[in-house]
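One letter stands for each residue in the lines below.
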Amino acid sequence: GKEIPGQASLVFDVVLLDLHNPKDGVAIENQLVPESCERRSQTGDFLRYHYNGTLLDGTLFDSSYSRNRTYDTYVGKGYVIAGMDEGLLGVCTGEKRRIIIPPHLGYGEEGRGKIPGSAVLVFDIHVVDFHNPSDSVSITVHYKPSNCTVLSKKGDYLKYHYNASLLDGTLLDSTHSLGKTYNIVLGSGQVVLGMDMGLQDMCVGERRTVVIPPHLGYGEDGVEGEVPGSAVLVFDIELLELVSGLPEGYMFVWNGEVSPNLFEEIDQNHDGEVLLEEFSEYIKTQVETGKGKLAPGFDFEKIVKNMFTNQDRDGNGKVTAEEFKLKDQEAKEEHDEL
């Protein structure tokens, strides 16, 4: 045409940006594989990972580090481009690898955003943790006393120390730094479900590590400023004290025989009606003298008020002899009162 004369010699200055073959698959270069790798990711797992995404010439087009949060996704399920879906399989927690993805397994001929069409993509990833939605709590016992006959159960009052961290070792919280134990009633919902499970069947002096998947921990939302969303939690626990709880459904039990004239004893002024103050004073005396026991770990006033309310069947603030019933009497009548 007009721009190139006939018989002209042509000179092209070329910069090769990238190249691939339509037959290329995903290329993986392992940069760091932890020595301890008990499990590798598989289809259906949920991964949290950091990444830098570049073109083959090193041009950065995206980075999770710049957003200061991991990228979280299921793998092998089509939630990410095909090449990344494949490249994230078989990784260990803490692993670093480079994943090179040809365009037909990436964003194709069209590209996307800062990614030009037909571009080869390079992702340098760091796996923070992963879990499977079917995972339960994992418990590893490090030390168990030789005398280990009394085991923790639902309703027991526990005092324990813990260090809480993420799977990569990032420390989240520690009772040791606070200089006091953490105290709960087991199975009462005072801690996440995974911790309630992890503290079961433990004896005083025992040390164990409890690994809790997010669906048994703080879930997808996490705790703002403290626990990342969808994070797997690691608790190193030492149980220091155990106070046995009461049978399920009970707030108060007798340590000995129950007086046949119980209502009359509670009704201090013998007017045929028991007020909350009379009821509270009587229960307090039984506990202090060792004749009865309240469910440990709960506020005394709340327990007594709850017990009184259950006996006050007409809700008038007074309990009569006709209303007053013990737990075993309730069971016979198929009621669920205290």
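For clarity, every value in this text was computed on a predicted model and none was experimentally measured.

Cut-offs used in this document
- Residues numbered from 1 in each chain as written.
- Predicted model: local features only at pLDDT ≥ 70, side-chain atom pairs only at ≥ 80, totals over all residues.
- Heavy atoms only, no water.
- Phe/Tyr/Trp six-rings, centres within 6.5 Å; stacked < 30°, edge-to-face > 60°.
- Helix = DSSP H or I, 4+ residues; strand = E, 2+ residues; numbered from the N terminus.
- Buried < 20%, exposed > 50% of the residue type's maximum accessible area, 1.4 Å probe, protein only.
- Core = buried A, V, L, I, M, F, W, Y, C linked by side-chain atoms within 4.5 Å.
- Contact = heavy atoms within 4.5 Å.
- Expected span 1.5 Å × (residues − 1).
- Arc of directions from axis to C-beta.
- Polar contact = N/O pair within 3.5 Å; in protein donor to acceptor, adjacent residues only side chain to side chain.
- Disulfide = S-S within 2.5 Å.

Focus: the packing of aromatic side chains
Consideration 1: A full pass over the atoms with the stated rule returns 15 aromatic pairs.
Consideration 2: Ring centres of Y51 and F123 lie 5.8 Å apart, and the angle between their planes is 65°; this geometry places the pair in the edge-to-face category. Separated by 72 residues along the polypeptide, Y51 in strand β2 (residues 46-55) and F123 in strand β6 (residues 121-131) bring together distant segments of the chain.
Consideration 3: The buried category is assigned to Y51, whose relative accessible area is 7%.
Consideration 4: For F123, a relative accessible area of 6% translates into the label buried.
Consideration 5: Pairwise contacts between aromatic rings join Y49, Y51, F61, Y71 and F123 into one cluster.

Focus: the nonpolar core
Consideration 1: Formed by 23 residues in total, the largest nonpolar core has its most connected members in L158, Y160, M195, L199, I212, F235 and I237.
Consideration 2: Mapped onto this core, the elements with two or more residues apiece are β8 (157-166), β11 (207-212) and β12 (233-243).
Consideration 3: Not counting chain neighbours up to four residues away, the residues in contact with F235 comprise Y162, N163, A164, M195, R208, T209, V210 and I212.
Consideration 4: Membership of the second largest hydrophobic core comes to 21 residues, among which are Y51, L88, I101 and V127.

Describing helix α6 (residues 300-311)
Consideration 1: For α6, which comprises 12 residues, the first-to-last C-alpha distance of 17 Å matches the rise-based estimate of 16 Å (1.5 Å per residue) to within 8%.
Consideration 2: All of the buried residues along α6 are I303, V304, M307, F308 and Q311. One side of α6 holds all its buried residues, which, seen down the axis, span an arc of 130°. Facing away from the buried side of α6, by more than 90 degrees, are the exposed residues E301, K302 and K305.
Consideration 3: Against β13 (252-254), β14 (273-274), α5 (276-288), β15 (292-294) and β16 (319-320) lie the buried residues of α6.
Consideration 4: Residue D299 occupies the N-cap position of α6, its side-chain oxygen lying 3.3 Å from the main-chain nitrogen of E301.

Topic: the state of the cysteines
Consideration 1: Tallied over the full model, the rule gives 2 disulfides.
Consideration 2: Between the sulfur atoms of C37 and its disulfide partner C92 the distance amounts to 1.9 Å. Taking the sign of the S-S torsion, about -95° here, the bridge from C37 to C92 comes out left-handed. Of this pair, C37 sits in the loop between β1 (27-32) and β2 while C92 sits in the loop between α1 (82-87) and β5 (96-101); the two residues are 55 residues apart in sequence, bridging distant segments of the chain.
Consideration 3: The class for C92 is buried, based on a relative accessible area of 0%.
Consideration 4: For C148, the disulfide goes to C203, at an S-S distance of 2.2 Å. Every disulfide takes its handedness from the sign of the S-S torsion; for C148 and C203 that torsion is -110°, giving left-handed.

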